[in-house]
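Descriptive structure summary
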Amino acid sequence: MELTAEQQQIMDGAKGAFLAKCMRWLVEWGAAMGARRLIPVTNTHALVTVPGNLVWGANQKTIDNAMTLLRPACQHRVCCHSTTHITFAHEEQYDEIEMPQEQVEAQLEVMEMAREAGFLMTYTCAPYLVGNVPLKGEVCAWTESSAVVYANSILGARTTRHGTESAIAAALVGFVPEFSVLLDENRRATLQVDVTAQLRTPTDWGALGYFTGKIAGLDVPVFQGTPQPSQEDAKQLCAALATGGGVTMCHIVSVTPEAATLEQALGGNPPKLKVTFGDSELRDSYSQLRIHTGDAIDTVILGCPHASLNEIAEIALYLKGKRLADELKLWVCTAYATRANAERLGYAKMIYDAGGYLFCDTCPTNSMRLDAKRIVTAGFKQAHYARNMIKAEVIVDAVKGCLDAALTGRWSYVG
Ligand code: F3S
């Protein structure tokens, strides 16, 4: 790989041993991916946290391993706009999720270090909802696959899928290897999806994403025939695309900045494959994540990816003056900044008064010790991972179906 004089000097240790190591990580990763150079990055979204699986059995060794990366990293200052992906939980929530003491201490230390290093403590999987909105063409280094798809497809920014080390390294040295969707030729659509099903809710968009992700592999899908999505629709589509498969970006005709027309999205080439997403594909996508042996439920999870203020308002107003079923757990997950707004607007209180909980900074699947038997959720991504990681029965439904289930303690198919 060709390095500039500045990049070579950093790799040779001009800015210290840790930044030299960061540069080596980026160069080795780039070489493995066929990159020919490192290019400047101006926006990162990094996972600055101790690993999520610790809640399933925290031990000192895994904490120490995480700290071996994070302590020296946070001795340095980020060199561009850098937000943070989820952590375990905001301090006041530690009791609610029964976090082991050694993990609480490690996480508090990490949060303090991240603040000192200049990371913006967004602690969210949807940074675009709380101020990290890169411009079209801006080169980014983001973790969190759903956010990566959103950045590329809805905002027209450019980011490959990053892991913990590469995003932190990019935030500190200001470069990323140029490959995949950072290059024009890899952003063109190769899979055409003609949408004939009626998409009525954000969860329906999740069904479209789940269906497409499974057949796309590493292809770039283009959707034509959809209505104009809301921000919440796009959020569910992008999250499910990255869950069902390895999609990094998609095009929605007349929505994606690079897809004013189908022809533009395809770059003038015919698609490798053309499929239709109609009513039967919509039904099939739901039925894959509605395998259950009864209708009594114990948990409802909303806010995957993290809920927008609009979604919180919808939930709060639906629950206003009502009470959840006995023993029913309703967790709504969002970013700290969004929750602060929801508190100011009175929505948080409506959710609490009904018996629900508005979490911030964290994720119920990756981060919490969740003792659930049967979960109803509005996110295809949440449903997919909860089934596999928590081993609970899972039912995916639109927000209204989830809330009706939360109020009655039973889920019933409405259609
Ligand atoms: Fe966010 Fe967790 Fe869903 S990280 S996208 S709430 S699985």
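Note on numbering: residues in each chain are counted from 1, in written sequence order. Reporting of local features is limited, given that this is a predicted model, to residues whose pLDDT is at least 70; pairs of side-chain atoms are given and counted only at 80 or more, and all residues count toward the totals for whole chains, interfaces and linings. As a rule here, side-chain values come from all non-hydrogen atoms in the structure, and water together with hydrogens is ignored.

**With respect to the overall build of the protein chain**
- Check the secondary structure of the protein chain and you find 16 helices and 15 strands.
- For the radius of gyration, the atoms used are the C-alpha atoms, and the globule rule reads 2.2 Å times the number of residues raised to 0.38. For the protein chain, whose C-alpha radius of gyration is 21 Å, the value lies close to the compact-globule estimate of 22 Å for 415 residues.
- Structurally, the protein chain occupies a C-alpha span of about 65 × 55 × 35 Å along its principal axes.
- Categorising residues by exposure relies on relative accessible area from a 1.4 Å probe, with only protein chains included: less than 20% of the type maximum marks a residue as buried, more than 50% marks it as exposed, and the intermediate range marks it as partly exposed. Taken across its 415 residues, the protein chain has 58% of its residues classed as buried. Going along the chain from the N terminus, every DSSP run of H or I of four or more residues is numbered as a helix, and every run of E of two or more is numbered as a strand.

**What about the domain arrangement of the protein chain?**
- Domain assignment breaks the protein chain into domain 1 (5–182), domain 2 (188–287) and domain 3 (293–408).
- Residue ranges labeled as domains rest on an automatic or database domain assignment. Its C-alpha centre places domain 1 at a distance of 28 Å from the equivalent point of domain 2.
- Whether two residues touch is decided by their heavy atoms; if any such pair falls within 4.5 Å, the residues are in contact. If you look at the interface, domain 1 gives 18 residues, while domain 2 gives 17 residues.
- A quick way to say it: buried area is the sum, across both parts, of accessible area lost when two parts are put together, with a 1.4 Å probe. Approximately 1,400 Å² of surface area, both sides summed, lies buried where domain 1 meets domain 2, with 66% of it carried by carbon and sulfur atoms.
- When the buried area of domain 1 at its contact with domain 2 is split by residue, Val149, Ser153 and Ile154 rank highest and sum to 33% of it.
- Just to be clear on terms, a salt bridge is a Lys or Arg side-chain nitrogen sitting within 4 Å of an Asp or Glu carboxyl oxygen. Scanning the region where domain 1 abuts domain 2 turns up 1 salt bridge.
- The residue glutamate 258 makes a salt bridge to arginine 158 at a minimum N-O spacing of 3.7 Å.

**Topic: helix α13 (residues 347–354)**
- Residues of α13 that are buried include every one of Tyr347, Ala348, Met350, Ile351 and Ala354, and no others. What you see down the axis of α13 is that its buried residues fit within an arc of 160°, all on one side.
- On its buried side, α13 packs onto α11 (309–319), α12 (336–345) and β13 (357–360).
- In the segment just after α13, glycine 355 is the residue with positive phi, at about 105°. The reported arc concerns the directions from the helix axis to the C-beta atoms and nothing else.

**A short note on the nonpolar core**
- Formed by 48 residues in total, the largest nonpolar core has its most connected members in Val193, Leu208, Phe223, Leu237, Phe277 and Phe380.
- No other element matches the 7 residues that helix α5 (residues 145–155) contributes to this core.
- Ignoring anything within four residues of it in the chain, the contact list for valine 193 reads Leu208, Thr212, Pro221, Val222, Phe223, Gln224, Val275 and Phe277.
- Only buried residues count toward a nonpolar core, which is a set of Ala, Val, Leu, Ile, Met, Phe, Trp, Tyr and Cys residues joined through side-chain atoms within 4.5 Å. Grouped together as the second largest cluster of nonpolar side chains are 34 residues, Met113, Ala117, Ile168 and Ala169 included.

**Some remarks on the environment of asparagine 59**
- Among the secondary structure elements, asparagine 59 is positioned in the loop between β2 (43–46) and α3 (60–73).
- A relative accessible area of 34% places asparagine 59 in the partly exposed class.
- Distance in space between the C-alpha atoms of asparagine 59 and proline 229 is 44 Å, their sequence separation being 170 residues.

**Section: empty space enclosed by the protein**
- For each structure, a 1 Å grid was placed over the protein atoms alone; sets of points admitting a 1.4 Å probe that cannot get out are labelled cavities, open sets with protein on both sides within 12 Å along at least five of seven lines are labelled pockets, and lining residues have an atom within 4 Å of a point. Grid points are joined across faces, edges and corners, and a volume is the space filled by probe spheres set on the points. Taken as a whole and assessed by the stated rule, the structure comprises 1 cavity of 30 Å³ or more.
- Reported here for the largest cavity is a volume of approximately 100 Å³.
- Surrounding the largest cavity, 14 residues form its lining, Gln236, Gly303, Glu311, Ala378 and Val399 being those nearest its centre.
- Of all the elements, strand β11 (residues 299–307) adds the most residues to the lining of the largest cavity, at 4 residues.
- Taken together, the residues of the lining of the largest cavity break down into 7 nonpolar, 5 polar and 2 charged.
- Mapping the lining of the largest cavity onto the domain boundaries places at least three of its residues in each of domain 2 (188–287) and domain 3 (293–408). In this classification, the charged set is Asp, Glu, Lys and Arg, the nonpolar set is Ala, Val, Leu, Ile, Met, Phe, Trp, Tyr, Cys and Pro, and all remaining amino acids, among them Gly, are polar.

**Points about unusual backbone geometry**
- Omega for the bond connecting cysteine 304 with proline 305 falls within 30 degrees of zero, at -15°, which places this linkage in the cis form.
- Of note, the phi angle at aspartate 361 is positive, near 75°, even though the residue is not glycine.
- Structurally, the position occupied by aspartate 361 is in the loop between β13 and α14 (364–367).

**Focus on the packing of helix α7 (residues 202–216) against helix α15 (residues 380–390)**
- For the pair α7 and α15, interaxial distance at closest approach is 9 Å and the crossing angle is 60°. For the element pair α7 / α15, the angle class is oblique. Contacts from Thr203, Gly206, Ala207 and Tyr210 in α7 reach Phe380, His384 and Arg387 in α15.
- Residue composition of the contact of α7 with α15, by class: 3 nonpolar, 3 polar and 1 charged. In this analysis, axes come from line fits to C-alpha atoms, helices being fitted only over the stretch in contact, and the angle between any two N-to-C directions falls in the range 0 to 180 degrees. What sets the label is the angle itself: under 35 degrees gives roughly parallel, over 145 gives roughly antiparallel, 65 to 115 gives roughly perpendicular, and the rest give oblique.

**Describing the pattern of salt bridges**
- Applying the stated criterion across every chain, the model contains 14 salt bridges.
- One salt bridge connects glutamate 258 with arginine 187, and the closest N-O pair in it is separated by 2.7 Å. In this pair, glutamate 258 is assigned in the loop between β8 (251–252) and α9 (262–266) and arginine 187 in the loop between β5 (175–177) and β6 (191–195), connecting sequence segments 71 residues apart. Both residues of the pair, glutamate 258 and arginine 187, count as buried.
- Across the pair glutamate 393 and arginine 374 runs a salt bridge whose closest N-O atoms are separated by 2.8 Å. Of this pair, glutamate 393 sits in strand β15 (residues 393–396) while arginine 374 sits in strand β14 (residues 374–377), and the two are 19 residues apart along the sequence.
- A network of salt bridges, in which partner residues are shared, links Arg158, Asp184, Arg187 and Glu258.

**Some points on the sheet that holds strand β3 (residues 81–84)**
- Spatial strand order, β3-β2-β4: 3 strands in an open sheet with parallel pairing. The sheet terminates laterally at β3 and β4 (140–142), the two strands that pair on one side only. Taken pair by pair, the neighbouring strands of this sheet meet at an average axis angle of 15°, ignoring direction. Paired strands are those between which DSSP finds at least two bridges.

**Focus: the site of the ligand**
- Among the 10 residues in the neighbourhood of the ligand, the closest are listed as Cys125, Cys304, Pro305, Cys363 and Lys381.
- Among the elements that make up the shell around the ligand, the one with the highest residue count is β11 (3 residues).
- Tallied by class, residues from the shell around the ligand come to 5 nonpolar, 3 polar and 2 charged.
- Mapping the shell around the ligand onto the domain boundaries places at least three of its residues in each of domain 1 (5–182) and domain 3 (293–408). One heavy atom within 4 Å of a molecule or strand is enough for the residue carrying it to be called near that molecule or strand.

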